[in-house]
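This is what each chain is made of:
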Number of protein chains: 2
Amino acid sequence: MNIGEVSKRSGLPAKTIRYYEDIGFVTPARGENGYRSFSETDLHKLAFLGRARGLGFSIEDCRTLLALYEDQGRASADVKRVAERNLMEIDAKIADLQAMRATLSHLVESCAGDARPDCPILEDLGRS
Amino acid sequence: MNIGEVSKRSGLPAKTIRYYEDIGFVTPARGENGYRSFSETDLHKLAFLGRARGLGFSIEDCRTLLALYEDQGRASADVKRVAERNLMEIDAKIADLQAMRATLSHLVESCAGDARPDCPILEDLGRS
DNA sequence: ATAAAGGTTCCAGTAAGTGGAAGGTCAAGG
DNA sequence: CCTTGACCTTCCACTTACTGGAACCTTTAT
């Protein structure tokens, strides 16, 4: 399978797949012409990675998850630990963004948004 | 004022202040010894930047906001537009993260997290 | 024969800093 | 006078997870 088909079937851009080869996630064989030749297993791994990344796992998390995925004897506790840490990080990000959102939407609401120069948003940012 | 004091009073790391000089936000004078010498205005600008960044405005947004801040004749509508766009981006990020959170917390809850190898998290990530 | 589509490598850039090395300067203590 | 430690300087590399583009090669279709 050439990279184009893998890209279509995994949903990852070809550039990303080449990058994932660079960082050691897959090691496709090479044809005589130098083209990468992917196996079904490679495709499966790449799709796995795409889904894990979509859930906010970092590349390093993915490395761990992939190793666990391929280890038939792993304990589910190990996977759960990684997932829970990711969940906590996501919660922290959401909380940060919600705090930002609250302040900012308050400012936006209090700004007339017309042609006059006085603006509570700038006043707030500039308060000494 | 040396960079250390500005750092303390603005809350920004000295490294960040030097970076902000690099990208043209401030242009402090230099003493005979080569040390940066900041004015009160510089300090005020840097504190403004720190607050704007804390609200999630990008560096480019900050450039716009700073220009508007220094333009006494600006229309508040111009500021509001930047703020509203930022708000919408924040909302989109929150929505993304909440979708991730929902899926992931569901998976975490369905995983026993014990020594056994079967793990719904990996099963889901590996579904073909 | 040629053109389009797909493949290759490599270099550079993104956002917004952070870390660290090598070295100059300043104020205080002995 | 010397040294120590805090503070300052520049410069280079690294971070995350890719993405864009140039220059070039191969395959397929017309």
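See above for the structure.
This section reports on the structure supplied with the text.

Parameters at a glance
- Residues numbered from 1 in each chain as written.
- Chains lettered and ligands numbered in written order.
- Predicted model: local features only at pLDDT ≥ 70, side-chain atom pairs only at ≥ 80, totals over all residues.
- Heavy atoms only, no water.
- Axes fitted to C-alpha atoms, helices over the stretch in contact; angles between N-to-C directions.
- Helix = DSSP H or I, 4+ residues; strand = E, 2+ residues; numbered from the N terminus.
- Parallel < 35°, antiparallel > 145°, perpendicular 65-115°, else oblique.
- Left-handed = near helix turned anticlockwise from the far one by under 90°.
- Contact = heavy atoms within 4.5 Å.
- Nonpolar A, V, L, I, M, F, W, Y, C, P; charged D, E, K, R; others polar.
- Salt bridge = Lys/Arg side-chain N within 4 Å of Asp/Glu carboxyl O.
- Buried < 20%, exposed > 50% of the residue type's maximum accessible area, 1.4 Å probe, protein only.

This next bit is on the packing of helix α4 (residues 59-70) of chain A against helix α5 (residues 76-110) of chain A. Residues and elements named next belong to chain A. Between α4 and α5, the least distance of the axes is 10 Å, while the angle of their chain directions is 160°. By the angle between their axes, α4 is roughly antiparallel relative to α5. For the element pair α4 and α5, the recorded crossing hand is left-handed. Across from Asp61, Thr64, Leu65 and Leu68 in α4, the residues of α5 making contact are Asp78, Val79, Val82 and Arg85. In terms of residue class, the contact of α4 with α5 is made up of 4 nonpolar, 1 polar and 3 charged.

All chains considered together, the criterion is met by 24 salt bridges over all chains. Arginine 85 of chain A is paired through a salt bridge with aspartate 61 of chain A; the nearest N and O atoms lie 3.1 Å apart. In this pair, arginine 85 of chain A sits in helix α5 while aspartate 61 of chain A sits in helix α4, placing the two residues 24 residues apart along the sequence. Taking relative accessible area as the criterion, arginine 85 of chain A reaches 37% and is therefore assigned partly exposed. The closest approach of N and O atoms between arginine 81 of chain B and aspartate 78 of chain B, which form a salt bridge, is 2.5 Å. With a gap of 3 residues between them, arginine 81 of chain B and aspartate 78 of chain B both fall in helix α5 (residues 76-110), about one helical turn apart. Relative accessible area serves as the criterion here: at 30%, aspartate 78 of chain B is assigned to the partly exposed category. Through salt bridges with shared partners, a single network forms among Glu5, Arg9 and Glu40 of chain A.

With that out of the way, let us pick up the packing of helix α1 (residues 3-10) of chain A against helix α3 (residues 40-54) of chain A. All names here are of chain A. At a closest axis distance of 9 Å, the pairing of α1 and α3 adopts a crossing angle of 45°. Compared by their axis directions, α1 and α3 come out oblique. Judged by the sense of rotation from one axis to the other, the crossing of α1 with α3 is right-handed. Within the contact between the two elements, α1 uses Val6, Arg9 and Ser10 and α3 uses Glu40, Leu43, Leu46 and Ala47. Here the contact of α1 with α3 is composed, by residue class, of 4 nonpolar, 1 polar and 2 charged.

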